[in-house]
Amino acid sequence: MSHVVPKREAAVRLHLATGEVRRGTVFLDFIDVIHRGAQTLLDKLNGDAAWFPVRGPRGVEIVNRARIVLVEPGDGLDPELVRKDAAAVFRQESVTVHLLGDRKLDGRIEMDLPDEFSRVSDFLNFPLNFFALETERGPVLVSKEHVVSLVPHERPPAAPEPDVADFRRGARA
């Protein structure tokens, strides 16, 4: 009897907290338990498992997810295996991400949060640790644990100016 569960293979470059970059293959489920579609790299990184196997030049290693700074999908990897389709995205924001070790990344985040939670700070405080950043070279998956700061490029919407006449009459907002 075989105990091997069929998986999809996704080539990646893992950027670790040590500064090391490892090339390898991550194994994805055909069906994700949360959304019932094909599991993506983003699903895998945001899953419950703190450790997962990666096949690399040294064989199979079990990698600690908390030590991953960012993941670059391998060349030619099907975009459907990187993250879910962005059809449900409510808002996009151009940002600069500052990572530990003085590394900077420019790109766009896609926030699929309702309007009342559509600020960048809401997005960052959402419980999932990894998020997709669309860069010039394609998407990368970034760990919030290794982000020092994130700078939005767009200015926030201006608050409406109070009406001076209402203010003089004692009207309150």
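Preceding this section is the structure that the text describes.
First, a word on scope: everything that follows refers to the structure included in this document. (Residues numbered from 1 in each chain as written. Predicted model: local features only at pLDDT ≥ 70, side-chain atom pairs only at ≥ 80, totals over all residues. Heavy atoms only, no water.)

### Focus: the pairing of strand β5 (residues 68-73)
Put simply, the rule is: Burial status follows relative accessibility: with a 1.4 Å probe on protein chains alone, a residue under 20% of its type maximum counts as buried, one over 50% as exposed, and anything between as partly exposed. Helical segments are the DSSP runs of H or I of at least four residues, strand segments are the runs of E of at least two, and each set is numbered from the N terminus. At least two bridges found by DSSP between two strands are what make those strands a pair.
Across the six residues of β5, six count as buried, placing the element largely inside the fold. Alignment of strand β1 (residues 8-16) against β5, held across five bridges, turns out to be antiparallel. Counted as the bridge partner of His-15 is Leu-70 from β5. As paired elements, β5 and strand β9 (residues 138-143) share two bridges and run antiparallel to each other. Looking across to β9, one finds that Val-71 is bridged to Leu-141.

### Some details on the layout of surface pockets
Stated formally: Definitions used throughout: a 1 Å grid over protein atoms alone; a cavity as a set of points that fits a 1.4 Å probe which cannot get out; a pocket as an open set with protein on both sides within 12 Å along at least five of seven lines; a lining residue as one with an atom within 4 Å of a point. Grid points are joined across faces, edges and corners, and a volume is the space filled by probe spheres set on the points. Residue classes follow a fixed rule: Ala, Val, Leu, Ile, Met, Phe, Trp, Tyr, Cys and Pro count as nonpolar, while Asp, Glu, Lys and Arg count as charged, and any other residue, Gly among them, counts as polar.
Taken as a whole, the second largest pocket holds about 430 Å³ of empty space. Lining of the second largest pocket is provided by 21 residues; of these, Thr-135, Arg-137, Gly-138, Pro-139 and Val-140 occupy positions nearest its centre. Mapped onto the lining of the second largest pocket, the elements with two or more residues apiece are β5, β7 (103-111), β8 (130-135) and β9. When residues of the lining of the second largest pocket are assigned to their parent elements, the largest contribution, four residues, is made by β7. The class makeup of the residues in the lining of the second largest pocket is eight nonpolar, three polar and ten charged.

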